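# Structural overview for review
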Amino acid sequence: MAAINAINASLKYGHNLLARNECRLAVIVGQQIRFRRKGFKEQKILSTPRELPIDAEMESRRVSNKESVVPSELADLRFAFPEFLPKPVVKHRDRLCEQLMRNDLIRRRTVIDIPEFYVGSILSVTISDPYAPGKVSRFVGICIERAGQGTDANFTLRNRVDGQGVEIRYDMYNPTIREIQVLRLEKRLDPHLLYLRDALPEFSHFPFDMTPEPLPAGAEVPVNGVRVVMKKWPWTRKWEGHDLEGIAQLTDLPDWQYINKWRKKNSYEKYDLMKEYREHIPEEE
């Protein structure tokens, strides 16, 4: 909760700084209008308005290079709580809407404990289900994707049930969620694990009675460097064209797949004169 409040304060400070700059510019424009009416000489308006004085606490939150208002010790929290970040598309951002959504997220976190987890972590989610025998449904799986911002944040779990791959996407702040438990906290090499749909079954199977594996206090989140083995071609996507580190070397692709991949990757090398020179230069030189 302290980390979330720190992020909220940093984002709020950035919004307040922009609002102060806008007010400063409005004051300068108003002075120009009054000077013109009285016949005085107009003053030059700066494209970047000056910042109003701020207190020492706000000044201490800045980085030394003046490029960021988020302290360095809180920079990694954007990976643990990505739903608190603004939308990646600038034209879709709204400061008031973002502030209201952050307030809703914090209020929801006071009711339920939403732990820190990443893509690759194994979770257990318990939700209220009126059609389940005990009115409660529980699912265990590996997190293969996190998406959305604010109250639209969601994550997808994958597991194999009775030999069939099952994926469930949960809205992180859905009021029907009763508990989110992290059974194994770890990261993977890629930002998503959607290619597990085309991987061998053993890489997507996790027992429902799995016991939690807590990390020592203060320990860093480990990175699981496993490289999954894919099924035989064809797949649901052209994974050979993606820059993914968590997939083992693909050896059963058709020849034309190799040719197209090589041609796409090396299409610019025919213009590389230095490469041609290095290939034809004698060994003694």
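Every value quoted in this text rests on a predicted model; they were computed, and no experiment measured them.

## Focus on the sheet that holds strand β1 (residues 122–128)
Pairing is antiparallel in the open sheet, where five strands are placed in the order β4-β3-β2-β1-β5. In the strand order of this sheet, the two ends are held by β4 (164–171) and β5 (177–184), each with one partner. Averaged over neighbouring strand pairs, the angle between their axes works out to 35° when direction is ignored. Sheet topology note: the strand β2 (residues 136–147)/strand β3 (residues 154–161) ladder contains five bridges and is antiparallel. By the bridge assignment, arginine 146 is partnered in β3 with phenylalanine 155.

## Quick word on empty space enclosed by the protein
The tally for this structure, following the rule as stated, stands at one cavity of 30 Å³ or more. The space that makes up the largest cavity amounts to roughly 70 Å³. What lines the largest cavity is Glu83, Phe84, Leu85, Pro86, Lys87, Glu98, Met101, Arg102, Leu105, Gln149 and Gly150. Grouping the constituent residues of the lining of the largest cavity by class yields five nonpolar, two polar and four charged.

## A few points about the packing of aromatic side chains
Summed over the entire model, instances satisfying the criterion amount to five aromatic pairs. Pairing phenylalanine 117 with phenylalanine 155 gives two aromatic rings, centres 5.2 Å apart and planes at 65°, and the pair type is edge-to-face. Taken together, the residues span a long stretch of sequence, with phenylalanine 117 in the loop between α4 (95–109) and β1 and phenylalanine 155 in strand β3 at a distance of 38 residues. On the accessibility criterion, phenylalanine 155 (0% relative accessible area) is buried.

## Topic: the nonpolar core
Most often, soluble globular proteins have nonpolar side chains that are buried together. Grouped together as the largest cluster of nonpolar side chains are 26 residues, with contacts concentrated most on Phe117, Phe155, Leu157 and Tyr170. If you list the elements that add at least two residues to this core, you get α3 (77–80), α4, β1, β2, β3 and β5. When residues no more than four places from it in sequence are discounted, the contact partners of phenylalanine 155 are Phe117, Leu123, Val125, Cys143, Glu145, Arg146, Ile168, Arg169, Tyr170, Met172 and Ile180. Core analysis: the second largest hydrophobic core is formed by 21 residues, Ile142, Leu183, Val228 and Leu253 among them.

## Focus: the pairing of β2
Alignment of β1 against β2, held across seven bridges, turns out to be antiparallel. When the bridges of β2 are listed, threonine 126 appears paired with arginine 138. What sits between β2 and β3 in their antiparallel hairpin is a turn of six residues, with glycine 148 showing a positive phi close to 85°.

## Quick notes on the pattern of salt bridges
Enumeration over the complete set of coordinates arrives at six salt bridges. Where glutamate 167 meets arginine 197, a salt bridge forms, and the shortest distance between an N and an O atom there is 2.9 Å. A residue pair is termed long-range when its members are at least 10 positions apart, and glutamate 167 in strand β4 and arginine 197 in the loop between β5 and α5 (255–265) qualify at 30 residues. By relative accessible area, which is 34% here, arginine 197 ends up partly exposed. When salt bridges with common partners are traced through the structure, they connect Glu83, Arg109 and Arg146 into a single cluster.

## Quick word on the confidence of the model for the protein
In the predicted model, the protein carries a mean pLDDT of 79, and the fraction of residues at 70 or more is 73%. Ranking the elements of the protein by mean pLDDT puts helix α2 (residues 56–60) last, at 50, and β3 first, at 96. In the predicted structure, residues 45–54 sits below a pLDDT of 50 and forms 19 contacts with residues beyond four places in sequence or in another chain. Note that residues 61–65 has pLDDT below 50 and, in this model, 12 contacts with residues that lie over four places away or in other chains.

The rules behind the values
Residues numbered from 1 in each chain as written. Predicted model: local features only at pLDDT ≥ 70, side-chain atom pairs only at ≥ 80, totals over all residues. Heavy atoms only, no water. Pairing = 2+ DSSP bridges. Helix = DSSP H or I, 4+ residues; strand = E, 2+ residues; numbered from the N terminus. Axes fitted to C-alpha atoms, helices over the stretch in contact; angles between N-to-C directions. 1 Å grid on protein atoms, 1.4 Å probe; cavity = no way out; pocket = protein on both sides within 12 Å on 5 of 7 lines; lining within 4 Å. Points joined across faces, edges and corners; volume = space filled by probe spheres on them. Nonpolar A, V, L, I, M, F, W, Y, C, P; charged D, E, K, R; others polar. Phe/Tyr/Trp six-rings, centres within 6.5 Å; stacked < 30°, edge-to-face > 60°. Buried < 20%, exposed > 50% of the residue type's maximum accessible area, 1.4 Å probe, protein only. Core = buried A, V, L, I, M, F, W, Y, C linked by side-chain atoms within 4.5 Å. Contact = heavy atoms within 4.5 Å. Salt bridge = Lys/Arg side-chain N within 4 Å of Asp/Glu carboxyl O. pLDDT = per-residue confidence, 0-100.

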